[in-house]
Each structure stands twice: as C-alpha cells, then as structure tokens.
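Working through the structure, step by step
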Amino acid sequence: MSSLSIENVRKVYPGGTVAVRECSLDITHGEFLVLVGPSGCGKSTLLRMIAGLEDITDGTISIGDRVVNKIAPKDRDIAMVFQNYALYPHKTARANMEFALKLRRVPKDERRRRVMDAARILGIEELLDRRPGRMSGGQQQRVALGRALVREPAVFLFDEPLSNLDAKLRHQTRGELKELHRRVATTSIYVTHDQEEAMTLGDRVVVMKDGVIQQIGPPLEVYQNPSNRFVAAFIGAPAMNLLDGTVGEDGRTVQLDAGPAVAIDASLESGRRVTVGFRPQHLEMHDDGMPLTVRVCEPLGEETDVILETSKEVAITARLHLTRVPESGSTLNLRPRPESIHLFDADSGMRIS
Ligand SMILES: Nc1ncnc2c1ncn2[C@@H]1O[C@H](COP(=O)(O)OP(=O)(O)O)[C@@H](O)[C@H]1O
Ligand SMILES: [Mg+2]
C-alpha cells in the first residue's frame, strides 16, 4: 500500500525561482525514504510542500488515499523534525513534547503515556523537567524527535536533523534513528545533502538535482548502477573518476582525452564519445595499467587515498591497499577492473547499459 504519493509536483516561488521542476514519487507504508542532493536542489521545498508549509504550484500530494493539497499542515497527520530543533525555550522537555497533543485535546493520561513511551525509546527520561537551554545539542535533538514521536503520525518528515551535531554525535544519532525506525516503523522522509547519511539510512534514496529527480532506488543499486553521470559523481566517496574519451577501432577500448586508454567490458560503436567512470576503490596495480604520476597521498590506515595525474595532468583518485606510501613524483601503473567500469554517453550523460 502506498502511504504517500507525489504526482507531477512542481514549485515555482513568487519571483520565478523554479525550486521543484517536476517530481513524481510513491512511498510505501513503513518505508524510510531519503531525499539527497546538493544544496539548493529543492529538497526542503519538496518536504515543506508535503508538510503543507508551502503551496504546491502544480500536481498532487496524497497521504494515504487523501489528497492533501488544500489541507492545513495540522490536519495532515505528519510530524516534522527540523535542523534547528525549534524547541520552545521556556518550556521543559516534557511540555515541549506535550504541546502539540494539548492543542489536539489529547486527554492527560494519554499524553503522559505517550511522552513516557517516547522518552523511554529515546533515553531522555531524566531530561523531561529540563529546559532546552540546559541541554546539549544532541539532547535537544532527541527532545525534538520525541516531540514528533508522541504525535504518532502517519508520516515523519526530517529536514537535515543531524547537521547541527558534531561528527561523532551525528554518527551515533544516525544509528539511533535507524533503530528508532525499526521499532516504530512509521513511514519517513528524510532530507540530507550528505550522501553517506543517505546511503546508510535509506531503504531507498531519491537523488535530486536542480529540482528534478535523477534516480530512485535502494542505496546499493544507486551506487552500483548510477543512472547518469551526476548520480555517479554524487554518490560514493571518494567521488568516482569520470573521464571523457573516444571508443577505439576494436570497440573494446576507450582512448581517454586525458592520455591513457582503458579496456572496457563492453562492445561499443567505434568513434563514439563516452564518459568512462571508475571508483577509486576499483583501481588495481597492473603491468598493462595506465602509467600515472603520484601527486598526493592520504594514508587512512588500512587504505591510502592516492591522487595521481595522467600525462596530460588530469587528476585520478585511487584508494589502494599499500604497505608503503609511494613518493610524490613516482609512477604507478593502475587499471580500473574492466567489469567495474561505468559507461555514460558523453553528450547526454546517461548510463550506457
Ligand atoms: N521562500 C523562498 N522564496 C524564493 N526562493 C526560494 C525560497 N526557498 C527556497 N528558494 C529557492 O528554491 C531553490 C530550492 O531551495 P531548497 O528547497 O531550500 O533547496 P535544498 O533544501 O535542496 O537546499 C533554491 O534555489 C532556493 O534559493
Ligand atoms: Mg534544505
């Protein structure tokens, strides 16, 4: 059953900015869906339209089987968690969490039960009588989550809820969110610009660019089969190497503009212009590899990120298992494993299957 449905939705702000060009999307019951893309691509706008905080220029949004385009935010059965927590500073955690329930005239016993349940799930029982000013960022974020949780909504909306936390706390809270979703299994839409957060949290990820959905799929599918050059570059770290070139006579090699030629695991029309993509993790030392000059080494422990240059001074990143860090200026012969190469049409940027 579809829990939320977005059909041909478009948003043009007064003044003419097209924030969401055209989006269609179905979210199944209990799914954790992540909207990911660079800053300004329209993620928050789409989320705010679902919440009812922005008018929809065109299209339809349904929650369950009810079209909500004209329904006030408070009547949509959603709860939203923002980046800046937006807690009432003069209310205790308990009062913050209870507030929306009071407005909805939920009886006192029921309010108390829901607040205690949420506090237990989030491990914030001891914070209930404290005001936000006396809590850390992580604690405030938990209270903000609790406030959404007590609503027991049909859908949770999260807009970059972890971006104000430091790296360690962000990582920890990410794990807790996942566990929370496993327990309550409420349909959730989560916005982030962080591809790692998207990959680790989402049942499916939706990659957006310039107000247009580029690809929808489970994280590993998007990682393994990016539908175009943008997705290929955006998902995965370090970013995929993407180099333009021309398919050779035999149809099985590509002569890169950057210098070397690479063997591909496909047979393409000779002379065709393509973009060859290979992840830093998929380069290996090989006698017939591309001769590349080491520029910078970043040892990470088990692995080392090596930034190299082709004869035409085009940068290529490799993540290698090395026992010794190579010297800057030395040459490594590297080749992308042919079966791991991604091919895109050089003009359209679309994946060649
Ligand atoms: N209230 C607004 N009025 C006009 N333009 C806006 C408004 N809010 C956002 N925008 C513009 O819409 C585009 C998408 O913004 P937003 O949805 O906030 O992107 P994201 O959340 O992906 O960073 C951007 O170009 C932004 O400048
Ligand atoms: Mg945003």
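An account of the accompanying structure is given in this report. Values in this document were obtained by computation on a predicted structure and should not be read as measured data.

1. Regarding the site of ligand 1
As a matter of local geometry, ligand 1 sits amid Y13, T17, A19, P38, S39, G40, C41, G42, K43, S44 and T45. The contact in question runs from an oxygen atom of ligand 1 to an N or O atom on the backbone of G42, over 3.1 Å. At 2.8 Å, a side-chain N or O of S44 approaches an oxygen atom of ligand 1. For ligand 1, the accessible surface in isolation is 570 Å², of which the surrounding protein chains cover 60%. Sort the elements by how many residues they give to the shell around ligand 1 and helix α1 (residues 43-51) lands first, with three residues. Per-class residue counts for the shell around ligand 1 are four nonpolar, six polar and one charged.

2. Some remarks on the packing of helix α4 (residues 137-149) against helix α5 (residues 167-184)
In helix packing, the relevant descriptors are the interaxial angle and the interaxial distance, both defined with respect to the helix axes. Remark: α4 packs on α5, axes separated minimally by 12 Å, with the N-to-C direction vectors making an angle of 20°. With respect to α5, the axis of α4 lies roughly parallel. Between α4 and α5 lies a crossing of right-handed hand. Listed contacts from α5 to G138, R142, L145 and L149 of α4 are L169, Q172, E176, L177, L180 and V184. Looking at the contact of α4 with α5 residue by residue, the class counts come to six nonpolar, two polar and two charged.

3. Section: the side chain of S62
Assignment of secondary structure puts S62 in strand β4 (residues 58-63). For S62, a relative accessible area of 9% puts it in the buried group. Once residues within four sequence positions are removed from consideration, S62 is found in contact with S3, L4, S5, V67 and V68.

4. With respect to the pairing of strand β6 (residues 78-81)
By the alternation rule, side chains of β6 split into I78 and M80 and A79 and V81, which are all buried. Pairing analysis gives four bridges linking β6 to strand β7 (residues 155-159), with the strands arranged parallel. Across the sheet, M80 pairs through a bridge with L157, a residue of β7.

5. Quick look at the packing of aromatic side chains
Throughout the structure, instances matching the rule amount to six aromatic pairs. Aromatic pair F32 and F158: ring centres 6.2 Å apart, planes at 15°, arrangement stacked. With a gap of 126 residues between them, F32 in strand β3 (residues 32-36) and F158 in strand β7 connect regions that are remote in the sequence. Of the residues examined, F32 reaches a relative accessible area of 2% and is grouped as buried. Taken together through their ring pairs, the aromatic side chains of F32, F156, F158 and Y190 make up a single cluster. Its end group placed over the ring of Y88, K91 keeps NZ or CZ at 5.6 Å from the ring centre.

6. Thoughts on the sheet that holds strand β15 (residues 283-299)
For sheets, the rule is that strands pair by backbone hydrogen bonds, running either parallel or antiparallel. The strand order β17-β16-β15-β18 describes an open sheet built from four strands, whose pairing is antiparallel. The two strands at the open ends of the sheet, each matched to only one other strand, are β17 (315-320) and β18 (331-336). Across this sheet, the average inter-strand angle for adjacent strands is 55°, counted without regard to direction. With seven bridges joining them, β15 and β18 adopt antiparallel strand pairing. Bridging across to β18, T293 finds its partner in T331.

Calculation criteria
- Residues numbered from 1 in each chain as written.
- Chains lettered and ligands numbered in written order.
- Predicted model: local features only at pLDDT ≥ 70, side-chain atom pairs only at ≥ 80, totals over all residues.
- Heavy atoms only, no water.
- Near = heavy atom within 4 Å.
- Polar contact = N/O pair within 3.5 Å; in protein donor to acceptor, adjacent residues only side chain to side chain.
- Areas by Shrake-Rupley, 256 points an atom, 1.4 Å probe, with all protein chains shown as cover.
- Helix = DSSP H or I, 4+ residues; strand = E, 2+ residues; numbered from the N terminus.
- Nonpolar A, V, L, I, M, F, W, Y, C, P; charged D, E, K, R; others polar.
- Axes fitted to C-alpha atoms, helices over the stretch in contact; angles between N-to-C directions.
- Parallel < 35°, antiparallel > 145°, perpendicular 65-115°, else oblique.
- Left-handed = near helix turned anticlockwise from the far one by under 90°.
- Contact = heavy atoms within 4.5 Å.
- Buried < 20%, exposed > 50% of the residue type's maximum accessible area, 1.4 Å probe, protein only.
- Pairing = 2+ DSSP bridges.
- Phe/Tyr/Trp six-rings, centres within 6.5 Å; stacked < 30°, edge-to-face > 60°.
- Lys NZ or Arg CZ within 6 Å of the ring centre and 35° of its normal.

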